Amino acid sequence: MPTRDPRPRSAPDEALPDSWWTIPPAAWGLLAALASTTLLLLLDRYVAPMPELPLLATALLVLAAGLAVRLIVHGQHTRREHELAMQGAHDGFWSWDPRTKTLDVGTRLLNILGYDENFLHDTYAWLALVHPEDREGYNQAVAAHLKGLTPYFYNEYRVRTHSGDYCWIASRGLAKRDPQGVAYLMAGSVSDITERKNAEQAVHHQQELLSSSQANYKHLANELEILISNAPVGIMFVSDGTIIRANKTLAELCHFPDAKAMIGIKSTFLYQNEADYRAFAALVVPKLIADEAVELEWLVKAIDGKSFMARIAGRALPSQQYVRGAVWMIEDITQQKTMLDALRHSEQRLQRLMNSNLVGIAQGVEQARLIDVNTVFTQLCGYPRASLLGDANVWNL
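Residues numbered from 1 in each chain as written. Predicted model: local features only at pLDDT ≥ 70, side-chain atom pairs only at ≥ 80, totals over all residues. Heavy atoms only, no water.

**What to know about the environment of I371**
Moving on, step 1. Locating I371 in the fold gives a position in strand β12 (residues 369-373).
Moving on, step 2. The buried category is assigned to I371, whose relative accessible area is 7%.
Moving on, step 3. On a C-alpha basis, the gap between I371 and K176 in space is 9.7 Å, while along the polypeptide they are 195 residues apart. (Helix = DSSP H or I, 4+ residues; strand = E, 2+ residues; numbered from the N terminus. Buried < 20%, exposed > 50% of the residue type's maximum accessible area, 1.4 Å probe, protein only.)

Here it is as structure tokens:
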């Protein structure tokens, strides 16, 4: 059974004060128009008849309809702003309903794959693009997050582009869950990481060549040096805790004047403190000893004390050449983390807005299914929230 969403939820009385500031002016106008119409009807019925009531009520209802249209336009404009922000970050947006398998993708995601028109309407269309060798890992990552086993969804895999070639993408997202902990919506972004993957594969290939042919060692070492120097991710070789080789990208990430300035420096400057270093070592040392690849996300620190979130990949070096050595690749993923936090914050703001509104609100997708409703909507319909979200077709209620 899926577990409940482990993320903390804000209490309604804590979320209410901030939510008033997120309501568009048109919503206040709509609320005022409806309230005024109701007041006129009550005055006409219980205080004194008003001959001009039909005209006033009609005017107010027309005003309310206009404001409702403005609210719809505001929602569309907000989505467009979100897509523009994704384009600025070179990421593509997606959202998915795990119950209906309905998929919604942004323009930037289509651009990454080289498509002009959106044909990705469901899970099956997307899976057809995923490389056959990567589908199992992709499905396992999705299933683990839907079951609540991971705090967020993340997977790196290959997808087929419009040209027929495959590109590497990193996909990250969050699931939204009902009170029973069942996910009914996932949303997130994808990034094109083909260049980084090619660099990783090239480094791995060069290392294999170095191990297989000592005769070509010098020539291959020069090629490896060129590759490392121009790699888009930070790379360093560490022997017995000391940096013996680093590239320009890593020097820039760690705020050194150049790569040479890092040679001979203890790699412990990357950690927040001694306890942080020991925690990192406890995770990676067993894998290095077993000659397994290491990959994890960790908060590291530049030489000037400024911290950034990094994705770190590493592998032990041959013991004949290095003493307790390893090669590490470090990539700054602060922007990706920021986008994920912004997505989570937007979701929380939307939830606060819905729960604090005095008008019934429902969110729907194709096939007449509801994905969320607020308390006022359930009161107006007379149905429990779980029934509204679980019904196959809302118009059958």
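There's plenty left to go through after this.
**Side note on the pairing of strand β6 (residues 234-239)**
Moving on, step 1. A large share of β6 lies buried, amounting to 6 of its 6 residues.
Moving on, step 2. Here β6 shows no split at all, with G234, M236 and V238 on one side and I235, F237 and S239 on the other all buried.
Moving on, step 3. Pairing of β6 with strand β10 (residues 325-332), which is carried by 6 bridges, proceeds in the antiparallel orientation. Counterpart to V238 in the pairing with β10 is A326.
Moving on, step 4. Hairpin connection of β6 to strand β7 (residues 242-246): 2 residues between the antiparallel strands, including D240 at a positive phi of 55°. (Pairing = 2+ DSSP bridges.)

**Some details on unusual backbone geometry**
Only a minority of non-glycine residues have a phi that is not negative, and only a minority of peptide bonds are not trans.
Moving on, step 1. Not every positive phi belongs to a glycine, and D240 is a case in point at roughly 55°.
Moving on, step 2. Here D240 shows up in the loop between β6 and β7.

**Here's the deal with the pattern of salt bridges**
Moving on, step 1. The tally for this structure, following the rule as stated, stands at 16 salt bridges.
Moving on, step 2. One salt bridge in this structure joins K197 and E200, with 3.7 Å as the shortest N-O distance. Residue K197 and its partner E200 are both found in helix α7 (residues 194-212); the two are separated by 3 residues, about one turn of the helix. No difference in accessibility class separates K197 from E200, as the two residues are buried.
Moving on, step 3. The partner of R344 in a salt bridge is D341, with the nearest N and O atoms 2.9 Å apart. Here D341 and R344 lie together in helix α11 (residues 334-356), a separation of 3 residues that amounts to about one turn.
Moving on, step 4. Classification of R344 by relative accessible area gives partly exposed; the value is 21%.
Moving on, step 5. Looking at D341, the relative accessible area reads 44%, which means it is partly exposed. (Salt bridge = Lys/Arg side-chain N within 4 Å of Asp/Glu carboxyl O.)

**Considering the nonpolar core**
Moving on, step 1. Counting 27 residues, the largest nonpolar core has W94, L109, L113, L120, W126, V159 and I169 as the members making the most contacts within it.
Moving on, step 2. Of all elements in the fold, only β1 (91-96), β2 (103-105), α4 (107-113), α5 (123-127), α6 (135-146), β3 (153-160), β4 (166-177) and β5 (183-192) reach the threshold of two or more residues within this core.
Moving on, step 3. When sequence neighbours within four positions are dropped, the list of residues in contact with V159 reads L113, W126, L129, V130, D165, Y166, C167 and I169.
Moving on, step 4. I243, L253, C254 and W298 belong to the second largest nonpolar core, which has 26 residues in total. (Core = buried A, V, L, I, M, F, W, Y, C linked by side-chain atoms within 4.5 Å. Contact = heavy atoms within 4.5 Å.)

**What about the sheet that holds strand β8 (residues 294-301)?**
Moving on, step 1. Pairing within the open sheet is antiparallel, and its 5 strands lie in the order β7-β6-β10-β9-β8. In this open sheet, the two edge strands, each paired with only one partner strand, are β7 and β8. Ignoring strand direction, the axes of neighbouring strands in this sheet form an average angle of 35°.
Moving on, step 2. Pairing between β8 and strand β9 (residues 307-316): 8 bridges, direction antiparallel. Bridging across to β9, E297 finds its partner in R311. (Axes fitted to C-alpha atoms, helices over the stretch in contact; angles between N-to-C directions.)

**Considering the sheet that holds β2**
Note: strands within a sheet are paired through backbone hydrogen bonds, in either parallel or antiparallel orientation.
Moving on, step 1. Pairing within the open sheet is antiparallel, and its 5 strands lie in the order β2-β1-β5-β4-β3. Looking at strand neighbours, the two that pair on one side only are β2 and β3, the edges of this open sheet. For this sheet the average axis-to-axis angle between neighbouring strands, irrespective of direction, equals 25°.
Moving on, step 2. With 3 bridges joining them, β1 and β2 adopt antiparallel strand pairing. From the neighbouring strand, W96 faces β2, where its bridge partner is L103.
Moving on, step 3. Sheet strands in contact with α11 are β1, β4 and β5, and its direction is about 30° off that of β4.

**Focus: the confidence of the model for the chain**
Moving on, step 1. Averaged over all residues, the pLDDT of the chain equals 78, while 70% of them reach at least 70.
Moving on, step 2. Note that residues 83-89 has pLDDT below 50 and, in this model, 13 contacts with residues that lie over four places away or in other chains. (pLDDT = per-residue confidence, 0-100.)

**Focus on the packing of aromatic side chains**
Moving on, step 1. Summed over all chains, the structure comprises 9 aromatic pairs.
Moving on, step 2. Between the aromatic rings of W94 and F153, the centroid separation amounts to 6.3 Å while the plane-to-plane angle is 80°, which identifies the pairing as edge-to-face. With W94 in strand β1 and F153 in strand β3, this residue pair connects regions lying 59 residues apart in the sequence.
Moving on, step 3. What makes W94 buried here is its relative accessible area of 7%.
Moving on, step 4. According to the relative accessible area criterion, F153 is buried, its value standing at 2%. (Phe/Tyr/Trp six-rings, centres within 6.5 Å; stacked < 30°, edge-to-face > 60°.)

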